[in-house]
Structure formats: structure tokens, C-alpha cells
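Here's the letter readout for the chains.
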Amino acid sequence: MFQKHFAPPPAASTALDPSSPLSRRGFMKTSGVFVLAVSLVGRLQAQEKDVAGALTQVAGGDATPSLWISIEPDGTVKITCHRSEMGQQTWTAMGQIVADELDADWQDVKIIQALGHPKYGDQNTDGSRSVRYNFHRLRVAGAAMRSMLEAAAAAHWGIAASECHANLGQVTRDGSRDRLSYGELAEAAGKLEVPAEADVQLKSRDQWRYIGKPIPSLTVPKIVRGQGTFGIDVDRPNMVHAVVARPPQVFGEIETVDDSQAKAVKGVLQTVRLPKPAAPALFQPLGGIAVVATDTWAAISGRKKLAITWNKGPNAGYNSDTYREQLEATARQPGKVERNRGDAPTAISNSKRTVTAEYYVPNLSHSQMEPVNATAEWNGDKLEVWACVQDPQNTRGVLAGFFEISPENITVNATWLGGAFGRKSKPDFAVEAAFISREVGRPVKVTWTREDDLQHGYYHAVSAQRFEAALAENGDCTALLNRVVYPSIGSTFAPGFNTPANWELGLGASDIPFNTPNLRTEAGEAEAHVRIGWLRSVTNIQQVFALYSFVAEMAHAAGRDPKDYLLDLIGEPRLIDPKTEGADYPNYDASLDDYPIDTGRLAHVGKTAAKMAGWGRKLPKGHGLGIAVHRSFVCYVATVIEVKVSPDGTLSIPGIWLAVDAGTIVNTRHAVAQMEGGTIFGLSNALYGEITAKDGAIEQANFPDWRLMRMAESPEALEVEIVDSTERPGGLGEPATPVAAPALANAIFAATGKRIRSLPILGPTGTKLDLG
Amino acid sequence: MATTLTINGKKTQVDAAEGTPLLWVLRDHLKMTGTKFGCSVGQCGSCTVHLDGNPVRSCILPHDQLGDAQITTIEGAATTAAEAIREAWIAADVPQCGYCQSGQIMTATALLESNPNPSDDDIDEAMNGNLCRCATYLSIRRGIKDAAKRLA
């Protein structure tokens, strides 16, 4: 009887459904309804402006239920995910948060990938922020919808809402067997006023069904059958394929080009010159010439036949070996003081016992398994893009700026991302696709080959770090000076940005949590000659490698156990505010009130990991344990690594023990996966990763010039313990990475007495440690 | 020049340029995008398919030299070993981003078909040609062992 009353709705969604990306356009045409918001049944004609509702001021942004939740007459609960899915299982996590407060049946949940649009608030899926930024607002949205469903049921039955209770996709009437499904209630609920946040009743933690549970991934069942749409899988009617020959040097350009041989290749249709970018690089295409063909291989084959002479431009003097010497020389000179406590330089120069060490970390590449790519299609002055982007909203803005058209004329569909690690929040490849498509007058997919991806990236900054310390007679650290030198990510966005940004320093340099009476952080100048970008855990990579290697060096100089020495430096449980010591410290864009630097939590993960590893146990000959701890992305991680080094230098990793305190965790299973993956990401970089430039051009072309850890080299075991916590949720995608390298280096020292100060440890071809 | 290929048990006509790797014939000509592009030099394993049951790198395999060999892709892999791998992968959420996983699954399936009870070393050796930047290697190891149990 309710079927009649609750009539089927018109089409509900314009967001790309990656399971059927090709059906959307036809679907829209036939439906005749242009709906920009994923909406509640009954509010379907809502235009963008109507999305602003009663819940726009919730922490994290707009929590209006219709922005996030659509309930179909058959009970399907469509949850919009505005973050990009790249393996961190954000579909599942966002779904869990909404579905829990909504009290939906998980079997009814279907995820809709949001288009890029400001109405969703921040969509930049990096910085390990998806849960942190959205946990509260999505709970509010789900709970508000639940209360509206209960109110609709109450109205239907003519009783008080307090006598109605939502439960797994149905509303039940107290003291009776009456029940109404969410599908039956959706239209009526959609006509109700959205409650104010103060009137929204969130569940208590003990009522959570999904949050904090190891809910299975929503993407894996498709992945195992080769289904699901990554950027590179997008297809459009009449689409052609392009690859681009880009200048080997950033800001180089074509001097001469002969494309006649390229055009003679079967399948090649034409070539397209791309404009030379003006500095700063931003997210502009690098220039060069595109070869457009009927399939990708024809485009690749055609590109090989281009005869190009290049003007190398202003960065042709960049050579990694001499650049390293410059960085190290700068690190030996006083730099700009970024944080200061007491007088570390004087204390060090007056000390009888000092320790000094310098560390080097090279440029690194993201090298996500899906090379960057994008598909673009123009329809008059309207542009639609499908791409594996971490930030479809910013991609839309970048496209609007580049083509000088209104963002309202641009639609950006985020596909699944085959890995990202920061590369795919830099949408230069989407601009390329749009430019070439406009020139060709057809839909174009631009595919970057592995060589393109490795040689034209936004690289993790090469760096030199210098540490100096004064030790008291008993070995305690009385003064610590760290000086960091690397080209800033800011250089990619502003000319002359030659010193680290405050937020780069805040990732392991200006936030050192030690109680030493004299502490100074300094930064030196460095000019960039390639595009510098953020890579999983960003400057934590080099700053934390250096810091926790140096702690173990101090412990060795003091003749103390490195774990005990580390915990002594962290000291008593307390909250730290680097701003009180002159640091312009942004705390991962979180307030220190909400997310303080808590040395108690830091020490706790350190002690936990040490206990898990059996720190202090008798080890076989050639084995060693190393430890590192760090707070990054407002999450605390400690890692202990056991290495085994045979007499010929062959290295293996029998075990890793990791403790993580990320506050409240949405999905314990996927949290563990991020700890495993993040750790091996850090190990791979530390052991093998090095991008070098010669005359401004990147030397590494493909695997294995650029080497990634393989299965046989991976740890034999990796045990993760999650600290049970009711604190606010922190990040999980990145915090395991920084501690891996110093824990490994410290373990190698413990096993062999060899101190690693320069990465990579083995490089692209090495198989054994040099124990000489 | 039209070539006839046998893909997932079906004779399929394709018209691609001479020497075009099987990978691009599958992806661009036949719209079978489950097989992924990763490196074009046979180093990453993302493009792994079976040729007469053996795992091969489709990115370096000219499509016009395959004769009437049986080509199996992730879309068509349906043996009991393939399904056991899928069940194990789903049970433990082995993949993260999933991009390399078609190749991982094809390699792991071939391993279990030739060696139903692989040791750790057997697994490492068989899987070492398949890169995963998300680094799901430990999950894959566990997944293969779980699949072997399901087959036993």
C-alpha cells in the first residue's frame, strides 16, 4: 500500500558512478532533469543554491543531509563520497560514518563519487585528512537524516517522534510490530525541515555499528574481477588517444620539430603543439608536442618518430651531484632561525662532548602504479573531464583559470585512482588533455607512459640536514641544533620561494618534541630546478629520517640504550606548543586545542612498539633492532624494525612492530593496511629510491632504474597494534612512512655498526650493504 | 591487418597495427580494461594475462604473433584457483588501490594451478615480478595461503 503513496522518484544522481561511467550522459538526457545535488527523494529538483540548508555551519562544512544521502524507494542508500578513492578505502570509511548515524543496513549502501564542486567543502584528498575533516559533519548529516525519517514515520502514524526508532533501514513503532522502510519514508522525510545541529542526536560510541569495525571494502569485490573505472579506463564515443613529448628540462621548449615521420605511423592522426609554461610552474602543462592517434600504442609509436631539437632553458645547469654539494655547504652555515629555546649554538660550542652528523635524502618519485592520465571532451564552451585526480574541485578551478572560462561550464569527474601519493593532486595532466581535446575537436585521453611519469613529475625535494648536539657528562642531551636545507614546494607556486615553508618545517623540524634545555631549528636557502611537490608524508621523510637517526647517534655517543635515550628525550607527558618558541607552526591545519602535541601519547606508542618487539631480548648474530617514533598528520606512530645482515652484507627484515595512536579509528582493518603499506613505502624509498638529474633532465627512465620494493624483499612479518582511543580521529595514510627509514637505519647500525646517513641505502642495483 | 585471437575462449577479430602489444589491443581495441598498463617493459606485472595457462606480460607481447594460443584475462579467469584467489582477496581486503591487482591475481592464480601448496619462498619467487606501490605484499602472501587452503 505504501508503494502508491511513495511514488518512484525521477533520476537522482548526476555524480559519476564508476561502475557504469558511460551510462550517465544518456541517462541524464532521458531523465530530462538536471540535478546537481545528490538529493533526498522529494527534494530532487534542488539546485546548487538550495543545498545550503540548516547544517551549513557544522565543523568541517555543510552537513545538509541531501548533499550526502539519497534514499531510493527500494531502500538503496546512496552516499556521496566527495573524497577520491585511491586505495585508502575512503569510500568505505565515509560510508561507514554516514551509515552508522543513519542506521542504514550496510547491504543497502551504494557509494556515489562526487563531482568536483565547492558545495562539498574541501575535496583535496591528501594530507591524511578525509576522516579528520569529515567525521563530525558526516555523523551530523546521517543523524539528521535519521531524525527526519523518524519524524516522517511519526507523522504517518500520527504519534510522537519519540515513539519511533530507526533501526537498520527501517523505522519501528514502539510497542507494536509496525514498521516503515527508509525507502517508503524517503519522500515524506525529504519534505521536512532539516533540524538544527543542536537538535541532532548523535549516537554514543557504544551504539556504533560500523565505526571502529573492520568493515570490508566496497571496492575490492569489483577490483578482483577487473571491474571499476580508473582514469586510464575511461572511454568516450569518438575518443582518440594522445601521448606528449615534453621538454626534458622544466621550462625548456621545442626549438625545431619535424613530425612527418610520426604522422606516417599507422593510426597517427595529427600532432598538437602545447604552449610553453611561464614560471612559476603551478599545474600548467610542461609544453612540448602531442601525438594524437587512434590507439595508445600508435601514439607511442608515432612519438618515437618525432625529430625534435630542444632549447634546454634555464634549468639545464641542474646536476644532482653538484647540487648535493651546495645543499651540504649551506647546511654547514648558520641559517634562518625557525624555532629557538635557550641558546643551543653557545651551549654546543662550550660543551666538552658534542655529536655532529649530516644526512642526505635524494629526490624521490611518486611512481604510483597507474601513471597519470586524463580524458577531456568539449561541447561548445563546456568542458567535461574524467581523471584520476585527488582534488576534482581544484582541478575544475585550475581548468577554469587556464582556459579562462567559468567553473560552471566545467564538469570534473574523479575516477578511481590507481595509487596517487600526492602526484594526482597536481592536475597538470588534466589541463593537457583539455588543451589537446580542444585543438583536436574530439574527446582525447592523454596517457603518460612510465617514462613520462618518472621524468616529468613533481619530485619530493632533495635535502641536506645537519644536526649538532651537546651532551652532559652523564650523556644527556643539553643542546640540540637542527638545520634543514631543501628546495621548497613553494617554489612550484611562487618565484623566489627559496626557503622551506612554515608547514614544511612543521613536519618533523620545528615540532621536535624533546625536553632538551637548548633547542634550535634553522633553515637554509635552496633554489629549485625541477617541479617540487608533496609525496606521501612530505618533508617528514627527510626530517624524521635525520632526527631519529641522530637520536640513536646521541644514544650511542652517550653509551645508552637507544630506546631508553629516546624516551628520556621525549620526557614526561606534557603538551608542546612550538609557537611559544618562535615557530610559525601550523599543526597540520588543526588547532592545538583540538589536536595538541602530546608527548604522553608519543611515548606510549614508543613503549608499546618496543614491548611488541621484545626490545632488549638476545638477538642472533647479525641481527639488530632499531626504533623511531613520530607524530605526523596528528597521529602517533612508533616502529621497531629487526634486520638481519649476513656477513656478505645481504640484508633482510625478519620483523617489524608498529604501534599507532590515531585517536578514534573508523575502520581498523584498513588502518592496519595503511600502516603496512606506509611502512613499506618508506622502506622502499630508503633502500632504493633516488631520482637524479643531469643537465636538468631526469636520468631514470623506467623500472628498474627507479626501483621499488618487491615481495621477496619485503618484511617477513609486520605486526600492528592500534592504541584504543576516544580522542578525535587523526590521519592514517601517511604517518607510518616517516618512521620506517630511521628505524631501518638504526637497526642496521645495531646489527653492523654501520651508520647510514645518506639515502638510498642500496640504490637501483645494489643487493648488499657495503660493510667496509 | 586483421588478426584472430582466442580471448577467454572466444575467437575475436582485431585490426591493429603490426606489432601492437596485446595489452593495447585488449584495452583500446576490445575495451577490456581489466588488464592494466604499468611500464611497457615487462617490469611491473600490471598487464599480466595467461597464455595457454602461463602468466605473461601482455605489454611486451606482439598480438600478431600469438597464433591460436588461449589468452585469458582477468575478466575471463574462472578456474577454481582463480575463484579461490578472489575469495581470499575479498575475505581479507588484500588490494588497496587495486590497480596492480589484476596482474597480481593472474600471477597468483597461475602459481596455485601449478603448485597448490606453495611455500613462502615459492610465493615470493612467483610474485616477485609484480610491483605494488601500495605495498600489499604481506596481504598477498597471506591471501595466497588462504586461497591454497580453500582449494585443499
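Residues numbered from 1 in each chain as written. Chains lettered and ligands numbered in written order. Predicted model: local features only at pLDDT ≥ 70, side-chain atom pairs only at ≥ 80, totals over all residues. Heavy atoms only, no water.

### Some thoughts on the overall build of chain A
When its secondary structure is counted, chain A shows 20 helices and 28 strands. Rg of the C-alpha trace for chain A: 28 Å, near the compact-globule value of 28 Å for 772 residues, within the 12% margin. Its C-alpha atoms give chain A principal-axis dimensions of about 85 × 75 × 45 Å. Across the 772 residues that make up chain A, the buried fraction comes to 65%. Look at the contacts in chain A between residues 6 or more apart in sequence, and 78% of them connect residues 24 or more apart. For chain A, the accessible surface area stands at approximately 26,300 Å², while carbon and sulfur atoms represent 49% of it. (Helix = DSSP H or I, 4+ residues; strand = E, 2+ residues; numbered from the N terminus. Rg over C-alpha atoms; globule rule 2.2 N^0.38 Å. Buried < 20%, exposed > 50% of the residue type's maximum accessible area, 1.4 Å probe, protein only. Contact = heavy atoms within 4.5 Å. Areas by Shrake-Rupley, 256 points an atom, 1.4 Å probe, with all protein chains shown as cover.)

### Concerning the overall build of chain B
In terms of helices and strands, chain B carries five helices and five strands. In chain B, the succession of helices and strands from N to C terminus is β-β-α-β-β-β-α-α-α-α. Taking the principal axes of the C-alpha coordinates as reference, chain B spans close to 45 × 30 × 25 Å. Within chain B, the proportion of its 152 residues that are buried is 61%. Considering only intrachain contacts with a sequence separation of at least 6, the fraction spanning at least 24 residues in chain B is 58%. Here chain B displays about 5,400 Å² of accessible surface, and carbon together with sulfur accounts for 49% of that area. Here chain B holds 13 positive side-chain charges and 17 negative ones, and the gap between their average locations is 7 Å. (Lys, Arg positive; Asp, Glu negative; His and termini not counted. Charge placed at Lys NZ, Arg CZ, Asp CG, Glu CD.)

### Some points on the interface of chain A and chain B
How big an interface is tends to be stated in terms of the accessible area lost upon association of its parts. Between chain A and chain B, the contact holds 61 residues from the first and 57 residues from the second. In this assembly, chain A packs against chain B so that about 4,700 Å² is buried in total across both faces, 57% of it on carbon and sulfur atoms. If you sort the residues of chain A by the area they bury against chain B, Met369(A), Arg710(A) and Met711(A) come out on top, with a joint share of 18%. Where chain A meets chain B, there are seven salt bridges. Asp233(A) serves as the salt-bridge partner of Lys36(B), at 2.5 Å between the closest nitrogen and oxygen. (Buried area = accessible area lost by both parts, 1.4 Å probe. Salt bridge = Lys/Arg side-chain N within 4 Å of Asp/Glu carboxyl O.)

### Quick look at the domain arrangement of chain B
Residue and element names in this part refer to chain B. Considered domain by domain, chain B is made up of domain 1 (2-72) and domain 2 (80-151). Placing the centre of domain 1 and that of domain 2 at their C-alpha centroids yields a distance of 21 Å. Across the boundary between the two partners, domain 1 contributes 14 residues, which contact 12 residues of domain 2. A combined buried area of about 990 Å² lies between domain 1 and domain 2, and 53% of that area is made up of carbon and sulfur atoms. It is Lys36, Cys44 and His50 that lose the most area in domain 1 upon contact with domain 2, and together they represent 37% of the buried surface on that side. One can count zero salt bridges joining domain 1 with domain 2. Across the contact surface, domain 1 and domain 2 share six residue pairs in polar contact (both at pLDDT 80 or more). When residues of the side of domain 1 that touches domain 2 are assigned to their parent elements, the largest contribution, three residues, is made by strand E3 (residues 48-51). (Domains from an automatic or database assignment. Polar contact = N/O pair within 3.5 Å; in protein donor to acceptor, adjacent residues only side chain to side chain.)

### A look at the domain arrangement of chain A
Residues and elements named next belong to chain A. Its domain assignment divides chain A into domain 1 (2-223), domain 2 (231-314 + 372-447) and domain 3 (320-365 + 458-752). Taken together, the contact between domain 2 and domain 3 spans 15 residues of the former and 17 residues of the latter. Buried area between domain 2 and domain 3, both sides added, is near 1,300 Å², and the carbon and sulfur share of it is 61%. A per-residue breakdown of the area domain 2 buries against domain 3 is headed by Leu282, Phe421 and Lys426, which together make up 38% of the total. The tally of links between domain 2 and domain 3 comes to one salt bridge. Taken together, domain 2 and domain 3 are joined by eight residue pairs in polar contact (both at pLDDT 80 or more). Of the residues in the side of domain 2 that touches domain 3, the class split is eight nonpolar, four polar and three charged. (Nonpolar A, V, L, I, M, F, W, Y, C, P; charged D, E, K, R; others polar.)

### Some remarks on the side chain of Arg531(A)
All names here are of chain A. Among the secondary structure elements, arginine 531 is positioned in the loop between strand E20 (518-524) and helix H16 (540-558). Using a relative accessible area of 2% as the deciding quantity, one classes arginine 531 as buried. For arginine 531, the side chain forms a polar contact with the side chain of aspartate 428, separated by 3.1 Å. When neighbours within four sequence positions are excluded, arginine 531 is seen to be in contact with Val250, Ala281, Gln284, Leu286, Arg423, Asp428, Trp448, His456, Gly457, Tyr458, Tyr459 and Thr492.

### A word on the packing of aromatic side chains
Residue and element names in this part refer to chain A. Enumeration according to the criterion identifies 19 aromatic pairs over all chains in this entry. With a centroid separation of 5.7 Å and 55 degrees between ring planes, the pair formed by tryptophan 68 and tyrosine 120 is classed as tilted. With tryptophan 68 in helix H3 (residues 65-68) and tyrosine 120 in the loop between strand E3 (109-113) and helix H5 (130-157), this pair connects stretches of sequence that are 52 residues apart. When its relative accessible area of 2% is taken as the criterion, tyrosine 120 is described as buried. (Phe/Tyr/Trp six-rings, centres within 6.5 Å; stacked < 30°, edge-to-face > 60°.)

### Considerations on the pairing of E3(B)
All names here are of chain B. With burial as the criterion, each face of E3 is covered, one bearing Thr48 and His50 and the other bearing Val49 and Leu51. In this structure, E3 lies alongside strand E4 (residues 54-57), joined through four bridges in antiparallel fashion. Paired with histidine 50 across the bridge in E4 is proline 55. Count of turn residues in the E3/E4 antiparallel hairpin: two residues, of which aspartate 52 carries a positive phi of about 50 degrees. Here two bridges tie E3 to strand E5 (residues 70-72), and the two strands are oriented antiparallel to one another. (Pairing = 2+ DSSP bridges.)

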